[in-house]
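Structural features, examined
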Protein chains: 4
Amino acid sequence: MHAVQQSDAAEQDLLEFYRRVRARTEELCGPLEIEDYIPQPIVDVSPPKWNIAHTTWFFEEMILKQFVPGYEPFDPAFGFLFNSYYNSIGDRTARDRRGDISRPTVKQVFAYRKHVDERMSQLLARDEGKQAALTELVTLGLNHEQQHQELFLTDLKYTFSTNPLLPVYDASFAQVEDIETAGRELIEMPAGIYEIGYNGEGFCFDNELGRQRVFLEDYAISRRLVTNREFKEFIDDGGYRNALLWHSEGWDWVNREHVEAPLYWHDRDGRFFNYTLAGLREVVPDAPVCHVSFYEASAFAEWKGMRLATEFEWEAANDKFRWGRRWEWTNSAYLPYPGFRKGEGAVGEYNGKFMINQMVLRGASVATPAGHSRPTYRNFFHPHLRWQFTGIRLAQ
Amino acid sequence: MHAVQQSDAAEQDLLEFYRRVRARTEELCGPLEIEDYIPQPIVDVSPPKWNIAHTTWFFEEMILKQFVPGYEPFDPAFGFLFNSYYNSIGDRTARDRRGDISRPTVKQVFAYRKHVDERMSQLLARDEGKQAALTELVTLGLNHEQQHQELFLTDLKYTFSTNPLLPVYDASFAQVEDIETAGRELIEMPAGIYEIGYNGEGFCFDNELGRQRVFLEDYAISRRLVTNREFKEFIDDGGYRNALLWHSEGWDWVNREHVEAPLYWHDRDGRFFNYTLAGLREVVPDAPVCHVSFYEASAFAEWKGMRLATEFEWEAANDKFRWGRRWEWTNSAYLPYPGFRKGEGAVGEYNGKFMINQMVLRGASVATPAGHSRPTYRNFFHPHLRWQFTGIRLAQ
Amino acid sequence: MHAVQQSDAAEQDLLEFYRRVRARTEELCGPLEIEDYIPQPIVDVSPPKWNIAHTTWFFEEMILKQFVPGYEPFDPAFGFLFNSYYNSIGDRTARDRRGDISRPTVKQVFAYRKHVDERMSQLLARDEGKQAALTELVTLGLNHEQQHQELFLTDLKYTFSTNPLLPVYDASFAQVEDIETAGRELIEMPAGIYEIGYNGEGFCFDNELGRQRVFLEDYAISRRLVTNREFKEFIDDGGYRNALLWHSEGWDWVNREHVEAPLYWHDRDGRFFNYTLAGLREVVPDAPVCHVSFYEASAFAEWKGMRLATEFEWEAANDKFRWGRRWEWTNSAYLPYPGFRKGEGAVGEYNGKFMINQMVLRGASVATPAGHSRPTYRNFFHPHLRWQFTGIRLAQ
Amino acid sequence: MHAVQQSDAAEQDLLEFYRRVRARTEELCGPLEIEDYIPQPIVDVSPPKWNIAHTTWFFEEMILKQFVPGYEPFDPAFGFLFNSYYNSIGDRTARDRRGDISRPTVKQVFAYRKHVDERMSQLLARDEGKQAALTELVTLGLNHEQQHQELFLTDLKYTFSTNPLLPVYDASFAQVEDIETAGRELIEMPAGIYEIGYNGEGFCFDNELGRQRVFLEDYAISRRLVTNREFKEFIDDGGYRNALLWHSEGWDWVNREHVEAPLYWHDRDGRFFNYTLAGLREVVPDAPVCHVSFYEASAFAEWKGMRLATEFEWEAANDKFRWGRRWEWTNSAYLPYPGFRKGEGAVGEYNGKFMINQMVLRGASVATPAGHSRPTYRNFFHPHLRWQFTGIRLAQ
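Residues numbered from 1 in each chain as written. Chains lettered and ligands numbered in written order. Predicted model: local features only at pLDDT ≥ 70, side-chain atom pairs only at ≥ 80, totals over all residues. Heavy atoms only, no water.

**With respect to the overall build of chain A**
Per the secondary structure count, chain A includes 10 helices and 13 strands. For chain A, whose C-alpha radius of gyration is 21 Å, the value lies close to the compact-globule estimate of 21 Å for 396 residues. Referenced to the eigenvectors of the C-alpha coordinate spread, the extents of chain A come out at roughly 65 × 55 × 35 Å. Burial status across chain A gives 62% buried among its 396 residues. A total of about 15,000 Å² of accessible surface is found on chain A, and carbon and sulfur atoms cover 48% of it. Measuring between centres, the 44 positive side-chain charges of chain A sit 1 Å from its 58 negative side-chain charges. (Helix = DSSP H or I, 4+ residues; strand = E, 2+ residues; numbered from the N terminus. Rg over C-alpha atoms; globule rule 2.2 N^0.38 Å. Buried < 20%, exposed > 50% of the residue type's maximum accessible area, 1.4 Å probe, protein only. Areas by Shrake-Rupley, 256 points an atom, 1.4 Å probe, with all protein chains shown as cover. Lys, Arg positive; Asp, Glu negative; His and termini not counted. Charge placed at Lys NZ, Arg CZ, Asp CG, Glu CD.)

**Some points on the pattern of salt bridges**
Residues and elements named next belong to chain D. Scanning the model with the defined rule gives 124 salt bridges over all chains in all. Among the salt bridges present, the one from E180 reaches R325, with a minimum N-O distance of 2.9 Å. Pair noted here: E180 is in the loop between helix 6 (132–161) and strand 1 (186–189) and R325 is in the loop between helix 10 (311–317) and strand 9 (327–333), with a separation of 145 residues, a long-range link. The residues E180 and R325 share a single accessibility class, namely buried. (Salt bridge = Lys/Arg side-chain N within 4 Å of Asp/Glu carboxyl O.)

**Digging into the sheet that holds strand 11 (residues 379–381) of chain A**
Residues and elements named next belong to chain A. Strand order in this open sheet of four strands is 11-10-9-12, and the pairing throughout is mixed. Here the strands that pair on one side only, and so sit at the sheet edges, are strand 11 and strand 12 (390–391). The sheet contact formed by strand 10 (residues 359–363) and strand 11 spans three bridges and is antiparallel. Across the sheet, residue M359 finds its bridge partner in strand 11, namely F381. (Pairing = 2+ DSSP bridges.)

**Things to note about the interface of chain D and chain C**
Accessible area lost on assembly of the parts is the figure often given for the size of an interface. Tallying the contact residues gives 29 residues for chain D and 29 residues for chain C. Taken together, the two surfaces of chain D and chain C that pack against each other cover about 2,300 Å², and 62% of this comes from carbon and sulfur. Counting across the chain D and chain C interface gives two salt bridges. When the shortest N-O distance is used, the salt bridge between R103 of chain D and D36 of chain C registers 2.6 Å. Looking at the side of chain D that touches chain C, the elements that each hand over two or more residues are helix 4 (78–81), helix 5 (106–127) and helix 6 of chain D. Here the side of chain D that touches chain C is built from residues that sort into 15 nonpolar, seven polar and seven charged. (Contact = heavy atoms within 4.5 Å. Buried area = accessible area lost by both parts, 1.4 Å probe. Nonpolar A, V, L, I, M, F, W, Y, C, P; charged D, E, K, R; others polar.)

**Digging into the relation of the copies chain B and chain C**
Rotating chain B by 180 degrees about the axis while translating it 0.0 Å along that axis superimposes it on chain C, leaving an RMSD of 0.0 Å. Classification of the inter-copy transformation places it as that of a two-fold axis. Same-surface contact between copies: 100% of interface residues of chain B are shared with the interface of chain C. (Least-squares fit on C-alpha atoms with pLDDT ≥ 70 in both.)

**Section: unusual backbone geometry**
Cis rather than trans, the peptide bond between R103 of chain B and P104 of chain B has omega equal to 0 degrees. Position of P104 of chain B among the secondary structure elements: in the loop between helix 4 (78–81) and helix 5 (106–127). Even without a glycine there, the phi angle at E128 of chain D is positive, about 50 degrees. Among the secondary structure elements, E128 of chain D is positioned in the loop between helix 5 and helix 6. Not every positive phi belongs to a glycine, and Y264 of chain D is a case in point at roughly 80 degrees.

**Re the packing of helix 2 (residues 14–28) of chain A against helix 5 (residues 106–127) of chain A**
Residue and element names in this part refer to chain A. In the contact formed by helix 2 and helix 5, the axes pass within 10 Å of each other and the chain directions differ by 170 degrees. For the element pair helix 2 / helix 5, the angle class is roughly antiparallel. Listed contacts from helix 5 to L14, L15, Y18, R19, R22, T25 and E26 of helix 2 are F110, R113, V116, D117, M120, S121, L124 and A125. Its residues assigned to classes, the contact of helix 2 with helix 5 comprises eight nonpolar, two polar and five charged. (Axes fitted to C-alpha atoms, helices over the stretch in contact; angles between N-to-C directions. Parallel < 35°, antiparallel > 145°, perpendicular 65-115°, else oblique.)

**Points about the packing of aromatic side chains**
Applying the stated rule across the entire model yields 142 aromatic pairs over all chains. Ring plane angle 85 degrees and centroid distance 5.3 Å describe the contact between F78 of chain A and F82 of chain A, whose orientation is recorded as edge-to-face. The burial state of F78 of chain A is the same as that of F82 of chain A; both residues are buried. Aromatic side chains Y240 of chain B and W246 of chain B sit 5.7 Å apart centroid to centroid with 35 degrees between the ring planes, which places their arrangement in the tilted category. Taking relative accessible area as the criterion, Y240 of chain B reaches 6% and is therefore assigned buried. (Phe/Tyr/Trp six-rings, centres within 6.5 Å; stacked < 30°, edge-to-face > 60°.)

**Here's the deal with the side chain of T330 of chain C**
Residue and element names in this part refer to chain C. Considering the arrangement of structural elements, one finds T330 in strand 9 (residues 327–333). There is a polar contact of 3.1 Å between the side chain of T330 and the backbone nitrogen of S332. Within the structure, the side chain of T330 is placed 2.8 Å from the backbone oxygen of V360, a separation counted as a polar contact. (Polar contact = N/O pair within 3.5 Å; in protein donor to acceptor, adjacent residues only side chain to side chain.)

**What about the pairing of strand 6 (residues 271–276) of chain D?**
Residues and elements named next belong to chain D. Counting buried positions along strand 6 yields five of six residues, so the element is predominantly enclosed. Pairing of strand 5 (residues 265–268) with strand 6 involves four bridges; the strand directions are antiparallel. Along strand 6, the bridge assignment pairs R268 with R271. Between strand 5 and strand 6, which pair antiparallel in sequence order, lie two residues; one of them, D269, sits at a positive phi of approximately 55 degrees. Strand direction decides the pairing type here: strand 6 and strand 7 (residues 279–282), joined by four bridges, are antiparallel. Counterpart to F273 in the pairing with strand 7 is E282. Between the antiparallel neighbours strand 6 and strand 7 lie two residues.

**With respect to the sheet that holds strand 12 (residues 390–391) of chain B**
Strand order in the open sheet formed by four strands is 11-10-9-12 (chain B), with mixed pairing between adjacent strands. Each of the sheet's edge strands pairs with one partner strand only, and the pair in question is strand 11 (379–381) and strand 12 of chain B.

**Brief notes about the packing of helix 3 (residues 48–67) of chain C against helix 6 (residues 132–161) of chain C**
Residues and elements named next belong to chain C. Interaxial distance between helix 3 and helix 6 falls to 9 Å at its minimum, and their mutual angle equals 175 degrees. Relative to helix 6, helix 3 is oriented roughly antiparallel. A per-class count over the contact of helix 3 with helix 6 returns 17 nonpolar, seven polar and two charged.

**Here's the deal with the arrangement of the chains**
At their nearest point, the C-alpha atoms of chain A and chain C are still 14 Å apart, with no contact between the two. One finds no contact between chain B and chain D; the C-alpha atoms of the two approach each other to within 14 Å at their closest.

**A word on the domain arrangement of chain A**
Residue and element names in this part refer to chain A. Split by domain assignment, chain A resolves into domain 1 (8–167) and domain 2 (175–395). Of note, the centres of domain 1 and domain 2, computed from C-alpha atoms alone, are 27 Å apart. Contacts between the two partners involve 29 residues from domain 1, matched on the other side by 30 residues from domain 2. In total, about 2,600 Å² of surface goes out of reach between domain 1 and domain 2, with carbon and sulfur atoms giving 63% of it. Joining domain 1 to domain 2, the criterion identifies zero salt bridges. Secondary structure elements with two or more residues in the side of domain 1 that touches domain 2: helix 3 (48–67) and helix 6 (132–161). The greatest single-element share of the side of domain 1 that touches domain 2, amounting to 17 residues, is contributed by helix 6. Here the residues of the side of domain 1 that touches domain 2 are counted per class, giving 14 nonpolar, 10 polar and five charged. (Domains from an automatic or database assignment.)

**Here's the deal with the interface of chain B and chain C**
The partner chain C presents 37 residues to the 37 residues of chain B that form the contact. Interface area lost by chain B to chain C is led by R213, F215 and I356 of chain B, which between them contribute 21%. Seen at the junction of chain B and chain C, the total is four salt bridges. Note that K342 of chain B and E302 of chain C form a salt bridge whose closest N and O atoms lie 3.5 Å from each other. Linking chain B with chain C are 14 residue pairs in polar contact (both at pLDDT 80 or more). At the level of elements, strand 3 (212–216), helix 8 (248–257), helix 9 (294–303) and strand 9 (327–333) of chain B are the ones that each hand at least two residues to the side of chain B that touches chain C.

See below:
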């Protein structure tokens with residue numbers, strides 16, 4: 001990560017930023033029952049309790065232990081319980097067993113948050129931005145928590161979707177299905193050298209750095225996202241049954257998992273509904289398609305005689321179209337930029353070790369916290385995953 | 001099941017029996033936090049919430065719908081959510097996905113219990129034992145709930161044991177480790193025909209019926225259970241590393257699962273502790289060994305130059321030794337008695353369809369509800385399972 | 001095993017018996033191409049090469065090394081390569097990897113057989129039956145080889161059946177589909193004590209010993225085997241889709257494996273053919289049904305309102321019906337008789353360690369070598385397996 | 001693929017090229033026993049019989065059926081048996097079941113080769129290069145067969161390596177362990193635009209086309225390959241036990257598979273041997289390390305404080321170092337070039353559908369047929385695979 005100077009006014013006051021982000025996480029918990037904090041139906045999603053404890057653990061483990069002399073951890077066992085994947089910090093709960101752990105209770109986890117928040121507030125008030133290393137780590141911790149705010153929603157959505165009662169999390173989430181109004185034309189981009197990667201003054205993740213020059217041949221990219229209506233045409237045309245449209249491993253996935261529509265779609269006598277955080281709703285034809293895998297995005301593009309953009313093409317043209325409602329699959333694998341450097345210590349494990357077998361998504365989604373997006377932001381997931389708010393933009 | 005007349009005074013008043021059993025279930029919930037009701041770490045154990053809802057479902061589905069004209073279910077979705085395995089009743093939550101379901105809340109499940117209890121109380125008060133079919137089904141339902149009271153404890157113990165905090169459920173459970181005081185001599189039993197199976201006036205399960213004559217050759221059976229001390233000798237003698245002591249599939253299990261001691265034992269620098277519902281406690285040498293699989297019981301017997309009794313040998317001699325602290329593995333497979341008849345309708349699925357690949361355990365355990373044991377009771381589990389309070393009695 | 005005196009004239013001359021059995025194995029190899037000796041499509045079946053080497057290994061490892069001073073093994077590596085499951089002898093090729101081993105060649109394996117046969121012939125000629133232990137082991141080895149002759153055929157049938165060419169092994173195997181001509185009546189058997197287990201003078205396996213008295217209640221057993229015609233009625237009546245007919249684990253198996261008919265049946269536009277060692281042939285309606293699992297046998301019996309006999313019922317009545325064409329599933333688990341004793345040393349691993357999770361089959365099949373069957377013979381397989389020539393006889 | 005004009009003299013005479021390639025395949029079969037043609041120990045490797053039949057199938061299916069009017073297939077079943085992955089052509093033997101198929105015999109497969117060779121020779125003699133489409137397809141078929149010649153060796157090596165006898169295929173393969181003599185200096189490459197992709201007159205695969213301009217920042221690449229000696233230092237320094245050197249999925253792979261050295265290495269009392277096609281040989285310290293996965297290559301580079309080159313960096317510098325002994329892992333994912341176009345019909349499945357989850361290897365190996373390599377050649381495998389002759393070249 002990278003945080004020489006905070007350009008954003010709110011971020012300039014780090015303590016205020018801290019309070020705002022931490023409060024937002026607790027706001028997200030508002031509609032939950034205690035029971036909702038526990039289940040983990042698949043390895044990819046984490047229980048809310050784990051989520052809100054882990055983001056707190058980050059501040060205790062990475063910052064308080066280092067910057068507060070004689071800091072006593074709230075509970076020594078939490079280091080094991082709420083570490084996600086930092087090998088340099090030690091052993092941890094197996095990733096697929098987070099839902100087995102009923103204790104500590106939710107109440108205790110909120111007490112843990114409160115404890116850490118008090119110590120962090122004292123520390124930040126005392127420091128007043130004097131130590132650059134502290135500022136940098138806190139900024140990373142808050143961006144980390146914002147990432148988990150999005151995961152909080154995507155993971156909860158997945159978990160609720162497995163419950164036959166299809167619970168409503170928050171009725172206001174119905175309006176995420178805003179329609180795509182952009183025109184159908186393609187944006188033509190000329191061949192040439194483009195500068196790629198972050199070079200601002202604010203925060204960015206380490207994987208955006210190593211700004212580089214990339215030569216792009218002529219290309220064109222769509223102003224609009226693919227809609228549910230268009231995706232329905234793909235389904236109706238037998239897209240899920242035509243091997244020639246798919247990557248070989250995508251085709252295996254379709255057949256093994258019996259995939260016939262985007263995630264959360266329910267076919268009720270020929271009408272499609274989809275599960276949303278506002279409950280089951282009829283699919284809105286002109287809204288951008290959501291919850292598709294890279295394989296589906298890619299097969300759809302093939303069916304259209306087009307292709308997905310690379311992440312470089314996307315970034316070079318990003319100021320020419322509206323983005324931010326769907327994470328947009330690119331045809332770029334998640335790999336280091338030429339000048340990529342891992343951070344020192346545990347934060348070095350943040351991004352680099354995942355640079356294999358994943359595809360880059362660009363943009364942001366309806367679930368991304370305000371302020372937590374940039375044209376250079378690199379999200380990444382395995383090509384078969386689709387529980388994020390993912391969508392499709394075509395190129396050629 | 002079978003319930004012509006209730007011999008037990010308490011059971012003669014069915015409503016009183018109903019209230020007592022139902023109240024006992026709720027008593028068991030006393031020490032739980034809301035979070036504890038949810039997790040299901042392995043398919044074999046059920047979450048407490050599911051447990052207390054499913055036993056209630058049994059009364060609603062099997063009795064109220066049939067005996068109360070115009071009965072309206074508390075919530076129609078619960079039929080799907082809380083069915084365990086009754087194919088004749090319909091689809092249901094997959095058995096390994098019970099821990100994914102956070103809603104209905106625990107509070108709602110207690111409301112469900114209350115609703116059903118009120119209707120059942122009215123029904124029983126009105127009926128006064130006039131309808132034999134009703135009496136029979138209610139008695140079955142209550143025995144079913146008692147079985148789930150034992151599962152409540154064994155399942156919770158397993159779930160808590162996977163939590164690094166090793167939570168205490170109830171400190172009074174420490175005293176289950178009472179020592180084995182019986183003498184070392186064997187009880188000699190003469191060859192002859194023995195009558196096996198239930199022939200009393202009270203309740204029994206269908207699998208105990210079809211009373212039969214069984215010819216037993218001369219045998220001897222131990223007055224005492226195998227203790228932790230003796231089992232420790234087996235470990236120290238390399239019992240877990242000597243293939244010749246084990247069934248072939250037991251040996252595969254030992255190696256695949258890296259089994260080196262009974263379930264819940266922790267080796268801390270050469271001293272053995274075991275997780276109990278009262279937390280982690282040092283193993284009591286003279287208490288009966290607990291939480292062993294059939295494979296371990298059988299390998300231990302082989303190591304001793306002895307064997308496990310058959311369920312018939314056990315039953316024929318049961319009045320000559322103390323039993324009831326451990327479910328005792330027998331060397332009998334769980335199969336129907338000659339005159340076994342499945343019940344009509346859904347209750348016919350209660351026992352018969354499990355009569356393959358499981359071994360019979362006789363007796364009862366420290367977790368078995370008072371009154372819920374008989375010399376003819378046939379418990380059964382797969383040979384590798386050990387989360388029940390299982391133990392070993394030798395024969396030759 | 002047990003071989004005090006050989007009652008059979010052929011067996012009295014052990015060398016003659018040796019030569020006959022060994023020659024029969026090689027006769028079975030007659031129709032094979034070299035390529036056929038290698039594949040192992042599933043763990044349950046062994047490649048012919050392994051089969052004919054392993055039976056030879058038995059004589060080298062168990063007999064020549066012990067009875068011929070200074071015996072030099074044909075090739076020291078074969079001890080590892082061709083051990084089946086004897087832990088007391090040492091490590092071995094993993095059971096599911098036997099098909100990966102192309103060398104030694106088939107030619108070398110025949111040379112191995114020749115080498116061992118010469119040494120065995122010299123040994124037997126020299127000994128003239130003087131050493132009882134030798135006679136006993138050789139008799140066991142020959143019975144072992146006869147078991148592998150049956151496996152040779154069942155395994156090859158399975159392997160060939162996975163080849164889209166459906167190769168013919170031997171056209172004369174078409175006639176195994178002889179029709180069932182016995183009458184439909186049941187044989188009534190009175191309650192009483194029956195003697196069970198081997199008590200003759202000839203050879204038997206150790207699992208038949210410990211002759212015991214068994215009390216049987218009144219029962220009746222069918223004179224005839226269930227035919228393909230009857231089994232087809234079960235299929236047509238939806239037997240494979242009715243959960244209530246099946247054991248719970250059987251029902252899981254049916255659904256997981258998409259079972260819709262006996263193994264090797266092919267539905268070609270509504271007409272049923274089955275793969276046989278003589279190639280694909282139309283199913284003969286009045287031949288006994290073949291290649292069914294215990295689960296199918298049991299579901300069929302349930303559908304008929306009948307049941308499978310226990311192995312004791314079968315043995316007590318066996319002289320009243322014709323048997324020997326199908327291994328008949330019983331409803332008895334494979335467990336030790338009361339007086340069961342394991343042999344000393346490696347032969348002790350022959351039977352005892354498999355006495356869990358398997359069901360007993362009685363009788364013999366069209367693939368059983370002549371002379372290798374007895375009324376007390378106990379065959380055993382897991383309940384889902386059906387690549388043996390298995391069939392169904394009903395009881396009530 | 002792409003084959004407008006053949007620049008190579010031998011390839012200008014297509015019939016001569018056909019004969020030479022086809023003969024080479026049969027030469028490779030020279031040391032095999034019939035048995036060796038059958039086993040398939042893992043899904044990634046194919047049996048020799050399948051290999052030599054599949055390359056023949058390519059000519060029959062893709063060429064003879066199209067270009068020879070009234071062509072009668074040698075055996076209609078072979079279309080199913082020997083199709084590899086062409087969905088547009090139809091169903092086929094499951095990829096992991098190729099080793100189960102003993103028939104057709106090896107002799108029949110050679111007859112199949114002969115039959116197809118005769119028809120192909122007639123066709124080519126008749127055509128004399130007049131039909132460009134034919135020339136193009138034949139050239140593709142021959143390059144395809146050359147790819148399978150390399151697979152023939154790598155697959156056989158894997159299969160033989162699982163045999164405890166560690167058979168020798170050909171003693172002359174010992175000399176592949178030539179030592180690395182290049183100097184230790186890095187080749188400095190200046191930033192700039194480089195042209196990437198094939199633009200010659202000869203044959204290339206479709207994935208090399210869409211020649212593009214790529215901007216590379218300054219970089220340096222090693223003149224030499226990493227040797228066994230250097231890799232041994234990595235092992236000795238605990239490289240396989242240090243999570244921080246590995247990709248997260250690489251670390252999972254190391255632990256799950258218990259990886260401790262390159263594939264085929266055997267630690268015998270501290271001395272390392274490796275299995276080769278000439279049998280077990282002591283590891284040659286100064287030979288280039290072989291049979292490492294992308295994960296190992298990448299962890300090694302991390303340990304050295306360096307990195308792997310991208311495929312573009314490799315191609316831009318390829319004329320400055322010696323390559324061709326090891327397939328060199330790059331840090332580029334296998335993705336389409338900007339102008340990539342799938343071929344029409346079945347050949348369109350040749351490359352494009354594999355462009356996900358695989359990493360590019362550049363160069364060639366000791367097992368690559370002479371003439372079958374180019375600086376633009378893009379080989380690709382999953383990052384955990386290592387049965388190819390893979391090696392490591394460092395960059396920074």
